[in-house]
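Chain by chain, the residues:
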Amino acid sequence: MSEEATSEKLVELAKRRGYFFQSSGVYGGVGGFYTFGPQGASLKSNLEDAWRERYALGEGHMEIDAPTIMPEPVFEASGHLEGFDDMLVECPECETSSRADHLVEDNTEYEDAESLPIPEVEEIIAEYELVCPECGAGLAGVAVEDFNLMFATNIGPGDAQPGYMRPETAQGIFVEFPRLKEYARNQLPFGVTQIGRAYRNEISPRRSIIRTREFTQAELELFIDPEEDEPELSSVEDVPVTLYPAPEQQADDGEPIETTIGEAVADGTIADPWIAYFLGVSQEWYASVGVDADRFRFRQHLSGERAHYASDCWDAESEIDGNWIEIAGFAHRGDYDLSNHADHSGERFTVFKQYDEPKVVERATVDPDMSYLGPEFGGDAGAVVEALEKLAERDRAAFDGETVEIDLEDEAHEIPVEKTGFAVDEETIAGEHVIPNVVEPSFGVDRLVYTVLHHAYREDEVDGEERTYLALDPEVAPTFVGVFPLQRDDDLEAEANAIAAELRAEGLSVTYDDSGAIGRRYRRQDEVGTPFCVTVDYESLEDDAVTVRERDSTAQKRLPIDELPATLAALRAGDLAFAEL
């Protein structure tokens, strides 16, 4: 039986074999920043391509690439300057900063301390006598404070414009909505995807690339008409899923439930059909790139932990060392983002919805007598007009009496209705401007890399020797095939190099290795997850055939050289199984 990875073993392998390692190591490193080595960069790129193929190309959505630094007004409108905080507690002895909710989760039975209010977290720290993880000093009685995670910067010299490193790629999509809707021909629904870097000044980055200060997101923002657009649930209704809804999390004996997408929608476990659709799509996609379905679930956010913009949110979670980590979030953001950017920018963030037939509607309007309002209200006359217009739109019955009341700077004023010019007119309209709602699947690429590696890690014994290998899916493995000459020999090396060149020309990722015993070369490729190895031996010079070895089973088969490119391509695409050769 193969043994699964521990994080310690995986991190050591990742560093040794070029998957990932802490950045700037020659200067002591900086917490929360990692470099992806040759293998890791390739795996990450392959996963991004697989995501793009499914969520952009597969769904028919467009892709953009927005800047990672944006001006301050963007984040004022989005709410990040006010509501993008984590709970910080600072040690009174060594001044080490820690995330208070993580201390609680790591040292008590509380699993979702992030959803608790700060006073309750302070009480738990005192009750359990929690201490600083660095020096052991007690933290009871120490204030827990909100800490904003935004990285601030300045744009330009001199009196520079304040800006921020984006904490999510989504805002780069939202601020460009007025232009992007034109590319979509003003037709809802339409989606915009983006894969790129995001930055969060984490209080206590930890667990290698699971919690970092710079990371990659793959996000889809789907703009929908909330009254008309529905997903095609029939395509995912039979997909089996493991769900951990909020009521189960809050129950004393609550447990995740096994169900299907269709059943979960029917019984109300998943209230929003669009979220249900993307959970079904993502269940199948995660399995296709190598996430173990038995160590994967969707957990609903509790009300206290939901983002400020979300009406409902579910996380995709993977199990690592007995702990569950978030690797994606699925949120219904409503019209929060577009409405806020419209209010702050003064631009129109709507789509014009054409009616099938023109409609006759009643419009309440005001045309105030300024010869009355001017002397009566002076410089506030314009504000009075605006208040009357809003009141007429909202509550025309307010104009039924002889006077109408408005509030101006928290002071009530009565105005004769005859001075307001109030009227109700009929108007024929061809359509209306609607603010789309947004459904957002947001994927953490770095955490996906970690999950795929962790779930692929295996240890077994081959020919009496211990072996470590990564059972990576062929379509995402950094290197697909290794090509070896059996020995250092000019003729064997020439043939092996020719085969490697031919396979590269077919678009396959190939490594060439002629160093050391053939068994050692197999073990090296097993450990980096290369699915197949091709060995050129002396018989190859006679019969034009090579030995093809499969990583997982270590089985070997003889294959004609001229069939090699097509056969390996079929193996990579999943159109052919090795056992069928």
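Residues numbered from 1 in each chain as written. Predicted model: local features only at pLDDT ≥ 70, side-chain atom pairs only at ≥ 80, totals over all residues. Heavy atoms only, no water.

So, the overall build of the chain
Going by this rule: Comment: elements are numbered from the N terminus, with helices defined as DSSP H or I runs of at least four residues and strands as E runs of at least two. The cut-offs for exposure are 20% and 50% of the maximum accessible area for each residue type, with area from a 1.4 Å probe on protein chains only; residues under the lower value are buried, those over the upper are exposed, and the others partly exposed. Throughout, a contact is declared for two residues whenever any of their heavy atoms are within 4.5 Å. Neither His nor the chain ends contribute to the count of charged residues, in which Lys and Arg are positive and Asp and Glu negative. For the purpose of locating charges, the reference atoms are NZ of Lys, CZ of Arg, CG of Asp and CD of Glu.
The number of helices and strands found in the chain is 19 helices and 28 strands. For the chain, the spread of C-alpha atoms along the principal axes amounts to about 105 × 65 × 60 Å. Within the chain, buried positions represent 49% of all 581 residues. Counted over contacts in the chain with a minimum sequence separation of 6, partners at least 24 positions apart contribute 66%. Between the mean site of the 45 positive side-chain charges and the mean site of the 127 negative ones, the chain shows a separation of 8 Å.

As for empty space enclosed by the protein
Basically, it comes down to this: Note on definitions: the grid is 1 Å and covers protein atoms alone; a cavity is a set of points where a 1.4 Å probe fits but cannot get out; a pocket is an open set with protein on both sides within 12 Å along at least five of seven lines; lining residues have an atom within 4 Å of a point. Grid points are joined across faces, edges and corners, and a volume is the space filled by probe spheres set on the points. Each residue gets one of three labels, nonpolar for Ala, Val, Leu, Ile, Met, Phe, Trp, Tyr, Cys and Pro, charged for Asp, Glu, Lys and Arg, and polar for the others, Gly among them.
Taken as a whole, this structure holds two cavities of 30 Å³ or more when the rule is applied. For the largest cavity, the calculated volume is near 50 Å³. Sorting the residues of the lining of the largest cavity by element identifies α2 (38-57), α11 (273-288), β21 (437-444) and α15 (445-456) as the ones contributing at least two each. With three residues, the single largest contributor to the lining of the largest cavity is α2. Taken together, the residues that form the lining of the largest cavity break down as nine nonpolar, one polar and one charged. Estimates place the volume of the second largest cavity at around 40 Å³. Lining the second largest cavity we find Tyr34, Phe36, Arg197, Ile209, Thr212, Glu214 and Asp446. Each residue belonging to the lining of the second largest cavity can be placed in one class, and the counts come to three nonpolar, one polar and three charged.

Structural notes on the environment of Arg396
Note that Arg396 resides in the loop between α14 (381-394) and β18 (403-408). Taking the C-alpha atoms as reference points, Arg396 and Ala364, separated by 32 residues in sequence, lie 6.7 Å from one another. When near neighbours in sequence (up to four residues on either side) are disregarded, Arg396 contacts Glu362, Ala364, Leu391, Phe422 and Val424.

Quick notes on the packing of aromatic side chains
Worth spelling out the cut-off: Here a pair means two rings of Phe, Tyr or Trp (six-membered ring of Trp) with centres within 6.5 Å. Their orientation is stacked below 30 degrees between planes, edge-to-face above 60, and tilted elsewhere.
Going through the model one piece at a time under the given rule, you end up with 27 aromatic pairs. Where Trp51 meets Tyr55, the ring centres are 5.2 Å apart and the plane angle is 20 degrees; that geometry is what we call stacked. Of the two residues, Trp51 and Tyr55 are both situated in helix α2; the distance of four residues between them amounts to about one turn of the helix. Neither residue differs from the other here; Trp51 and Tyr55 are each classed as buried. Taken together, a centroid distance of 4.9 Å and an interplanar angle of 55 degrees make the contact between Phe177 and Phe223 tilted. Separated by 46 residues along the polypeptide, Phe177 in helix α8 (residues 177-183) and Phe223 in strand β11 (residues 214-224) bring together distant segments of the chain.

Section: the environment of Ser45
Residue placement: Ser45 occurs in helix α2. You can call Ser45 partly exposed: its relative accessible area is 32%. Considering only alpha carbons, one finds Ser45 and Val476, 431 residues apart in sequence, at a separation of 8.5 Å.

Digging into the sheet that holds strand β15 (residues 312-320)
Our working definition: What makes two strands pair is DSSP finding at least two bridges between them. Lines fitted to the C-alpha atoms define the axes, with helices restricted to the stretch that makes contact. Angles between their N-to-C directions range from 0 to 180 degrees.
The strand order across the open sheet formed by nine strands is β3-β10-β11-β21-β16-β15-β14-β12-β13, and the pairing between neighbours is mixed. This sheet does not close on itself; its edge strands, each paired only once, are β3 (62-63) and β13 (257-260). Relative to β21, strand β16 (residues 323-334) runs antiparallel, the two being bridged by six bridges. Following the sheet pairing, Phe330 is matched in β21 by Pro441. Taken strand by strand, α15 contacts β11, β15, β16 and β21, and its axis lies near 35 degrees from that of β15.

A closer look at the packing of helix α16 (residues 490-505) against helix α19 (residues 564-573)
Definition in use: Orientation is classified from the angle alone, with under 35 degrees giving roughly parallel, over 145 giving roughly antiparallel, 65 to 115 giving roughly perpendicular, and any other angle giving oblique. Here is the rule for handedness: rotate from the far helix to the near one, and if that takes an anticlockwise turn smaller than a right angle the crossing is left-handed, while a clockwise turn gives right-handed.
The interhelical angle for the contact between α16 and α19, taken along N-to-C directions, is 50 degrees, at an axis separation of 10 Å. Classified by the interaxial angle, the pair formed by α16 and α19 is oblique. As α16 runs across α19, the sense of the crossing is right-handed. In this structure, α16 uses Ile499, Glu502 and Leu503 to contact α19, whose residues at the interface are Leu564, Pro565 and Leu568. When grouped by side-chain class, the residues that make up the contact of α16 with α19 number five nonpolar, no polar and one charged.

Examining a negative patch on the surface
For clarity, the cut-off: What makes a patch is a set of residues exposed beyond 30% relative accessible area and free of salt bridges, joined within 9 Å when like-charged and within 5 Å when nonpolar (Val, Leu, Ile, Met, Phe, Trp, Tyr). Here the open area of atoms and residues is found with the Shrake-Rupley method and a 1.4 Å probe, where only the protein chains shown may cover a residue. Basic side-chain nitrogens of Lys or Arg form a salt bridge, by our definition, when they fall within 4 Å of a carboxyl oxygen of Asp or Glu.
There is a patch of like negative charges on the surface, built from Asp380, Glu405, Asp407, Glu409, Asp410, Glu411 and Glu414. Every element with two or more residues in the negative patch is listed here: β18 and β19 (411-416). As for its placement among the helices and strands, Asp380 is situated in the loop between α13 (370-377) and α14.

Re unusual backbone geometry
In this model, Leu188 is joined to Pro189 through a cis peptide bond whose omega is -5 degrees. For Ser24, which is not glycine, the phi torsion reads 55 degrees and is therefore positive. Here Ser24 shows up in the loop between β1 (20-22) and β2 (34-36). For Asp544, which is not a glycine, the phi torsion comes out positive at approximately 55 degrees. Secondary-structure assignment places Asp544 in the loop between α18 (540-543) and β27 (545-550).

A few points about the packing of helix α1 (residues 7-17) against α15
Here α1 crosses α15 at 110 degrees, and the two axes come no closer than 10 Å. Accordingly, the angle class assigned to the pair α1 and α15 is roughly perpendicular. Along the contact surface, α1 presents Ser7, Leu10 and Val11, while α15 presents Tyr450, Leu453 and His454.

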